Amino acid sequence: MADLKPASSFRSALFVLCMLCLPLPSYSDKHGIDTSICNPALIQNSPTPKRPSLPNTYKVSIEANIENHNYTTDYTEFYDGTKNMGSTHQWFLGFHVYSIYSPGTDELFTVETQTGTCTTDTLATAGPKYIFGYQPSSGNPQVGRLFTANGAFRFGNGTNEQYMGTARIRGIIADYWKSCMYWPDMDATMEVHWYFTNTGAWDPATGRTLPSPLRCQVSGKVWSGTPHTFNHTYEFNRFGTTLPSDNVFQTPPGIACPHRKDTKPLPTPSDHFVFTAETLNIDFSTIGFIKEWYAKDLSLVRYDYKPDAGDVSPYGHNQLTEIHDFSEGIAYIRDPTVGNCTLTTISARGIDAKAVDANHVRIRTSQEFFNFDKAAYAYEGVRKVRGIDADVWIATRTDWPASSPGKNSTWEWYFARQGWRESTGLTYVFGMPLMLSVHSDDYGSIVYNTYNFDEEEPEIWNFDISKCYNYTNRQDFSFKIPGSYQTNVAPNLEGFRYNVILAVHNAATVSTLRITNVKVDYDASNILVSLTLLGTPTIQGDVTSPVTQVSLNTAATLLTNAINSNQLKISVGKSQGQTTMLTAQPYSLKQYSHTVSKGYYVPPKAKTTYSAGAVAGLGVAMAVVFFAFGFACMYIYYRKNGGSFTKSEAAGFEPKKFDNDYANSEVKSGDA
């Protein structure tokens, strides 16, 4: 058997785990009870002592000696009659194998930890069901129950058992019981000898008064198929009533079981959320951080991230803000520290983007954002993550990374359970994602920890692009609204600002992104509003149907006309079921132009002599000038001679971020 593959080795080992062997084909012409082995009629139940009653939950380690085949295997049994679950952990031919019994779904999961593989079988027809026993439900054949603990041990469950006195087993004083059993479906007769600790004569180290199983010897003959005799001895040790955790009844993390029944559907993502993510590349020992805003209704996504220090980035290595406007197909990438901003098309490699064709993208749905569309996820159970009870779903994919198509990768999503979500004080439609774990044998392991998840719709000012427009492509406005600030604005300032944006959006027919810097003040009788309108983008986006934008001058004219004709109305909420609307005061609109001073600073007349410090300062300044000039020359030289400034570097490339590499492409070390 040493040359068998892991799967076949374990399936051969299943022979061991049964009290006799796997069921063989039944025949109508049966031998019946073989009285040469034993005779059940000669076994009398003993009234005393009382037969041991096994607990409803137990854990026990077993050494199985299959004497008629001259080999030994070790395994541990876990049983919980209340939860109707059982499992075994077996060590066989160097392999560690889990068998998990789920009678509630009529499934048996067999997991080989070294190979990371799992098979799913129907428990009702699987040979290993004999370990714990299986009773199908009369009303629903796909749902069953394990035997009771006594039934699983085949002791004290209706078979006559005769007390044979005491004996010493491994030096321990034990009560000795004998029975004779006949299994019709195997046409097998067997004599069974059971030994339990005599708690009255022996003080167990556990301090428990319950009898513990010590040994079971089974010998007999199977007549079904090819008749053969057998002789097994099972040594029991470390018997206890406390299980280490519920995890013993769950498949191990990171191992998917094909054809597993989905007992709990995935949560349905909402169309807007905000969260912070910590990205861990286990194999490369890198950590990255990113904050993300997703607003499907607004067709907007935002990322705040910092490129990895080891990457060449055309946008620098400071904290970057990247805003994707899918109504126009434009990405705004800004460095708040330096103040620069780049407009470019949206990459199809982003976690938020989906390629429509070779030249166009669209915003991902929330299902696609979380990669729920990529594979069929199956519910695994409950595990702890960061100390939080989490529901876990698992799936296997063959499309990641894109550089290795056809290779398996395992994806596990962890979501906080209902009770934990309630403690946050927020109501979640989707759920509270905690962690995504991705593993590929070819690529490695990546973990995304999610924090501060919020399903509230992001505010439009979270997507401020005003710093990407200079004074030539923006216009400031102010206007008055007759009314009380304290009554209409103070109770909900943010809501009022948002309603102003909506009103201006409808009047000037500009996108909400182009309405920014909304401020509200007041005087004795008016609400004073100021805002900035931005011009049209300077590049063409890459969505199939970009929103047509009016020019800044046209938008200003439309806004002016709307105010002067009493058409600019702002909602300030409901009162007694009626929506209150305020109207901007006609002819109150004012425009302000940005100007840049063209004057130059003229230093005062200085002496022609210089101090030693001034000379040193001048030397430093000249060195800086010549260094800059020399660097420029080097740059030109390398550009012409194919040096370190390559063509791709000059052309630019995508910024490193927590992107869709884990969905569509390869994630490199340090991707945030």
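J.: Just checking my understanding: could you explain the overall build of the protein for this structure?
T.: Counting its secondary structure elements, the protein contains nine helices and 32 strands. Of all 672 residues assigned to the protein, the portion counted as buried reaches 48%.

J.: Just checking my understanding: could you explain the side chain of Thr-532 for this structure?
T.: Mapped onto the secondary structure, Thr-532 falls in strand β29 (residues 526–534). A relative accessible area of 4% places Thr-532 in the buried class. For Thr-532, the side chain forms a polar contact with the side chain of Asp-476, separated by 2.6 Å. Of note is the side chain of Thr-532, whose polar atom sits 3.5 Å from the side chain of Asn-517.

J.: How should the sheet that holds strand β11 (residues 188–197) be read in this particular structure?
T.: Hydrogen bonds along the backbone pair up the strands of a sheet, which may run parallel or antiparallel. Strands sit in the order β6-β5-β4-β3-β2-β1-β13-β12-β11-β10-β9 across an open sheet of eleven strands; the sheet is antiparallel. Where the open sheet ends on each side, the last strands, each with one partner, are β6 (117–122) and β9 (162–169). Going across the sheet, the axis of each strand differs from the next one's by a mean of 20°, ignoring polarity.

J.: Help me understand a negative patch on the surface, please; the structure alone is not making it clear to me.
T.: On the surface, a cluster of negative charge is made up of Asp-271, Asp-297, Glu-456, Glu-457 and Glu-459. On the basis of relative accessibility, which here comes to 33%, the residue Glu-459 falls in the partly exposed class.

J.: Where do I start with the pattern of salt bridges in this structure?
T.: Once the charged atoms of two side chains with opposite charge are near each other, the side chains can pair. Tallied over the full model, the rule gives 14 salt bridges. When the shortest N-O distance is used, the salt bridge between Arg-383 and Glu-412 registers 3.3 Å. Residue Arg-383 is located in strand β22 (residues 378–385), and its partner Glu-412 is located in strand β24 (residues 409–416); the two are separated by 29 residues in the primary sequence. When sorted by exposure, Arg-383 lands in the same class as Glu-412, which is buried. Between Asp-389 and Lys-384 there is a salt bridge whose closest N-O contact spans 3.0 Å.

J.: Before we go on, may I ask you to explain helix α6 (residues 493–508) in this structure?
T.: Working note: α-helix, 3.6 residues per turn, so residues spaced by three or four point in the same direction. Counted at 1.5 Å a residue, the expected span for α6 with its 16 residues is 22 Å, and the 22 Å between its end C-alpha atoms agrees. Every buried residue belonging to α6 is among Gly-495, Phe-496, Arg-497, Val-500, Ile-501, Ala-503, Val-504, Ala-507 and Ala-508, and all of these are buried.

J.: Is there a simple way to explain the sheet that holds strand β15 (residues 286–295) in this structure?
T.: Taking strand neighbours across the sheet as the criterion, the eleven strands line up as β19-β18-β17-β16-β15-β14-β26-β25-β24-β23-β22 in an open arrangement whose pairing is antiparallel. Looking at which strands have only one partner, the edges of the open sheet turn out to be β19 (341–345) and β22. With direction set aside, neighbouring strand axes in the sheet form an average angle of 20°. As paired strands, β15 and strand β16 (residues 300–305) are joined by six bridges and run antiparallel to one another. For Ile-290, the partnering residue across the bridge sits in β16 and is Tyr-305.

J.: Looking at this model, I keep getting lost on the nonpolar core. Mind explaining?
T.: Generally speaking, soluble globular proteins have nonpolar side chains that are buried together. Counting residues in each nonpolar core, the largest one holds 50 residues, and the members touching the most others are Phe-370, Leu-434 and Phe-453. Those residues in contact with Leu-434, other than ones at most four positions away along the chain, are Val-385, Arg-386, Ile-388, Ala-390, Tyr-414, Phe-415, Ala-416, Tyr-448, Asn-449 and Thr-450. In terms of nonpolar packing, the next biggest core, distinct from the first, is built from 46 residues, Trp-293, Tyr-485, Phe-496 and Ile-570 among them.

J.: What am I meant to see in the side chain of Asn-473 here?
T.: In this fold, Asn-473 is placed in the loop between β26 (444–454) and β27 (474–482). By relative accessible area, Asn-473 is classed as buried at 18%. Reaching out from Asn-473, the side chain makes a polar contact with the backbone oxygen of Thr-536 at a distance of 3.3 Å. Other than its neighbours up to four places away in sequence, Asn-473 contacts Leu-534, Gly-535, Thr-536 and Leu-552.

J.: Just checking my understanding: could you explain unusual backbone geometry for this structure?
T.: Only a minority of non-glycine residues have a phi that is not negative, and only a minority of peptide bonds are not trans. With an omega dihedral of -10°, the bond running from Thr-48 to Pro-49 counts as a cis peptide bond. Considering the arrangement of structural elements, one finds Pro-49 in the loop between α1 (6–17) and β1 (57–66). A cis amide bond links Trp-400 to the next residue, Pro-401, at an omega of -10°. As for its placement among the helices and strands, Pro-401 is situated in the loop between β23 (388–397) and β24. Despite not being glycine, Ser-299 shows a phi value in the positive range, around 60°. As for its position among the elements, Ser-299 is in the loop between β15 and β16. For Asn-452, which is not glycine, the phi torsion reads 50° and is therefore positive. With respect to the element layout, Asn-452 can be found in strand β26.

J.: What should I look at first to understand the pairing of β16 in this one?
T.: Regular strands place side chains that alternate from one sheet face to the opposite one. Within β16, six of the six residues are buried, which leaves it mostly tucked inside the rest of the structure. Every second residue of β16 is oriented toward a common face, with Leu-300, Arg-302 and Asp-304 on one face and Val-301, Tyr-303 and Tyr-305 on the other, all of them buried. Counted along the chain from β15 to the antiparallel partner β16, the turn is four residues long, and its residue Ser-299 has a positive phi close to 60°. Pairing geometry for β16 and strand β17 (residues 320–325), over six bridges, is antiparallel. Bridging across to β17, Val-301 finds its partner in His-324.

J.: Help me understand the packing of α6 against helix α7 (residues 552–564), please; the structure alone is not making it clear to me.
T.: Packed helices, taken two at a time, are described by the angle between their axes plus the distance between the axes. In contact at an axis separation of 8 Å, α6 and α7 are set at 110° when each is read in the N-to-C sense. Considered as vectors, α6 and α7 are oriented roughly perpendicular to each other. Facing Val-504, Ala-507 and Ala-508 of α6, the residues of α7 in contact are Ala-555, Leu-558, Leu-559 and Ala-562. A class-by-class count of the residues in the contact of α6 with α7 yields seven nonpolar, no polar and no charged.

J.: How should I be thinking about the pairing of strand β13 (residues 228–240) in this particular structure?
T.: Inspection of the sheet shows β1 paired to β13 by seven bridges, in the antiparallel sense. In the strand pairing of β13, Ala-64 is matched with Tyr-234. Bridge analysis of strand β12 (residues 213–222) against β13 gives eight bridges, and the strand direction is antiparallel. Bridge pairing in β13 links Val-218 to His-232. A loop of five residues connects β12 with β13, the two strands running antiparallel in sequence, and Gly-225 in this loop sits at a positive phi of about 70°.

J.: What exactly am I supposed to notice about the state of the cysteines here?
T.: Disulfide: a covalent bond connecting the sulfur atoms of a pair of cysteines. Across all of its chains, the model carries three disulfides by this definition. Here Cys-38 pairs with Cys-180 through a disulfide, and the sulfurs are 1.9 Å apart. Looking along the S-S bond of the Cys-38-Cys-180 disulfide, the torsion reads about 80°, which is the right-handed sense. With Cys-38 in the loop between α1 and β1 and Cys-180 in strand β10 (residues 172–183), this pair connects stretches of sequence that are 142 residues apart. Across the disulfide, Cys-341 is cross-linked to Cys-468 (sulfur-sulfur distance 1.8 Å). Taking the sign of the S-S torsion, 75° for the link of Cys-341 and Cys-468, the bridge is right-handed. Here the residue Cys-341 occupies a position in strand β19, and Cys-468 occupies one in the loop between β26 and β27, the gap between them amounting to 127 residues. Cys-341 sits in the partly exposed class, given a relative accessible area of 24%. Sequence-ordered numbering of the disulfide-bonded cysteines in the protein gives the connectivity 1-3, 2-4, 5-6.

Cut-offs applied
- Residues numbered from 1 in each chain as written.
- Predicted model: local features only at pLDDT ≥ 70, side-chain atom pairs only at ≥ 80, totals over all residues.
- Heavy atoms only, no water.
- Helix = DSSP H or I, 4+ residues; strand = E, 2+ residues; numbered from the N terminus.
- Buried < 20%, exposed > 50% of the residue type's maximum accessible area, 1.4 Å probe, protein only.
- Polar contact = N/O pair within 3.5 Å; in protein donor to acceptor, adjacent residues only side chain to side chain.
- Pairing = 2+ DSSP bridges.
- Axes fitted to C-alpha atoms, helices over the stretch in contact; angles between N-to-C directions.
- Patch = residues over 30% accessible without salt bridge, like charges linked within 9 Å, V, L, I, M, F, W, Y side chains within 5 Å.
- Areas by Shrake-Rupley, 256 points an atom, 1.4 Å probe, with all protein chains shown as cover.
- Salt bridge = Lys/Arg side-chain N within 4 Å of Asp/Glu carboxyl O.
- Lys, Arg positive; Asp, Glu negative; His and termini not counted.
- Charge placed at Lys NZ, Arg CZ, Asp CG, Glu CD.
- Expected span 1.5 Å × (residues − 1).
- Core = buried A, V, L, I, M, F, W, Y, C linked by side-chain atoms within 4.5 Å.
- Contact = heavy atoms within 4.5 Å.
- Parallel < 35°, antiparallel > 145°, perpendicular 65-115°, else oblique.
- Nonpolar A, V, L, I, M, F, W, Y, C, P; charged D, E, K, R; others polar.
- Disulfide = S-S within 2.5 Å.

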